[in-house]
Amino acid sequence: MTLFWRKLAMAVTGLFLCLFLVVHLSANALLLLPEASAQPLYNGYSEFLRESPVIKVVAYLLYLAILLHVVYAALVTRTNQKARPDHYRARDLRANSTWASQNMGWLGVVLLIFIVIHLVNFWSRIKLGIGAEVGLDAAGRKDVYEVTYSLFQNPYYVAFYSVLMLPLGYHLHHGLRAGFRSLGFHHREGLRRLDRFSTLYAVVVALGFAIIPLVVFLR
Ligand code: HEM
């Protein structure tokens, strides 16, 4: 597969993941509501995710997108490193790119570690039945609200979830712009708007996810 197709695959999977994050943040923002309304809404949403056949297909597409994004990112990084002599690379990077664009690989690795720990946190109890048994709410649904709530009583997890939203923000900020460019978006005024939009998107998503654990902890 040529570099062009690899970058295209990264762009398509990355933009799909950006979309997922908007939906995921909207759902998790329910945790900011008062407990009496947050608990049934959050558990209802979580049950819908587990039961809907359509969402099951989307979830498998999501796992595939994460996997392909990581694999192609590694391949593109290796090709870029091989293609540029060291002295040229150092000069070129400083002159033409932002800190985030130079560190996308490391930011991505940090996020991958975050996602693995995040899934272990939730899936171990909700899907695999490891650790304390998940209780049922008043409507007889798995009390995923309680699983989240108890995780965010631990200050180390609160710090982990909040601080790692900084690399997420940087990764999204550069990733969104780069993704659209890889899809052939080169209109000058459009690119300026895209820059503003990607900044707004990255700040809202990163800040949104970062405040949820803090609010739950301080409640
Ligand atoms: C406040 C922060 C967050 C909370 C409270 C949260 C909560 C959850 C919960 C409860 C689940 C399991 C859903 C279920 O199986 O019922 C989940 C799944 C997931 N989360 Fe998060 N999440 C947060 C942030 C993030 C972030 C920042 C990312 C990515 C960078 C992320 C990526 C995922 C992925 C990929 C899944 C698997 C989706 C699935 O299996 O359907 N989450 N999250």
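Residues numbered from 1 in each chain as written. Predicted model: local features only at pLDDT ≥ 70, side-chain atom pairs only at ≥ 80, totals over all residues. Heavy atoms only, no water.

Peer 1: A description of the pattern of salt bridges should follow, citing residues and the corresponding values.
Peer 2: Working definition: two side chains of opposite charge can pair if their charged atoms are close together. Under the criterion given, the structure shown has five salt bridges. Across the salt bridge formed by Glu146 and Arg125, the nearest N and O atoms sit 3.4 Å from each other. Here Glu146, found in helix 7 (residues 144–151), pairs with Arg125, found in helix 6 (residues 104–126); they are 21 residues apart in sequence, far enough to count as distant. You can call Glu146 partly exposed: its relative accessible area is 32%. Taken together, the shared-partner salt bridges in this structure form one network comprising Glu189, Arg192 and Arg193. (Salt bridge = Lys/Arg side-chain N within 4 Å of Asp/Glu carboxyl O. Helix = DSSP H or I, 4+ residues; strand = E, 2+ residues; numbered from the N terminus. Buried < 20%, exposed > 50% of the residue type's maximum accessible area, 1.4 Å probe, protein only.)

Peer 1: Tell me about the site of the ligand, and please be specific about residues and values.
Peer 2: As a matter of local geometry, the ligand sits amid 25 residues, with His24, Ser46, Tyr63, His118 and Trp123 nearest to it. Contact between the ligand and Tyr63: an oxygen atom at 2.6 Å from a side-chain N or O atom of the residue. Elements supplying a minimum of two residues to the shell around the ligand: helix 1 (3–28), helix 2 (35–51), helix 3 (53–83), helix 6, helix 7, helix 9 (165–182) and helix 10 (188–218). The leading source of residues in the shell around the ligand is helix 6, at five residues. When its residues are assigned to classes, the shell around the ligand shows 18 nonpolar, five polar and two charged. (Near = heavy atom within 4 Å. Polar contact = N/O pair within 3.5 Å; in protein donor to acceptor, adjacent residues only side chain to side chain. Nonpolar A, V, L, I, M, F, W, Y, C, P; charged D, E, K, R; others polar.)

Peer 1: Any chance you could break down the coordination of the iron atom of the ligand for me, citing the residues and the numbers?
Peer 2: Distances from the iron atom of the ligand to its protein donors, His24 (NE2) and His118 (NE2), fall within 1.9 to 2.0 Å. Taken together, the six donor atoms surrounding the iron atom of the ligand define angles of 88 to 179 degrees at the centre, an arrangement classified as octahedral. Residue His24 is found in helix 1, and its partner His118 is found in helix 6; the two are separated by 94 residues along the sequence. Judged by relative accessible area, His118 falls into the buried class, the value being 17%. (Donors = N, O, S within 2.8 Å, 3.2 Å for Na, K, Ca; no water. Tetrahedral: all angles 85-135°; square planar, octahedral: opposite > 155°, others 65-115°.)

Take it as geometry only, folks, not as evidence of what the structure does.
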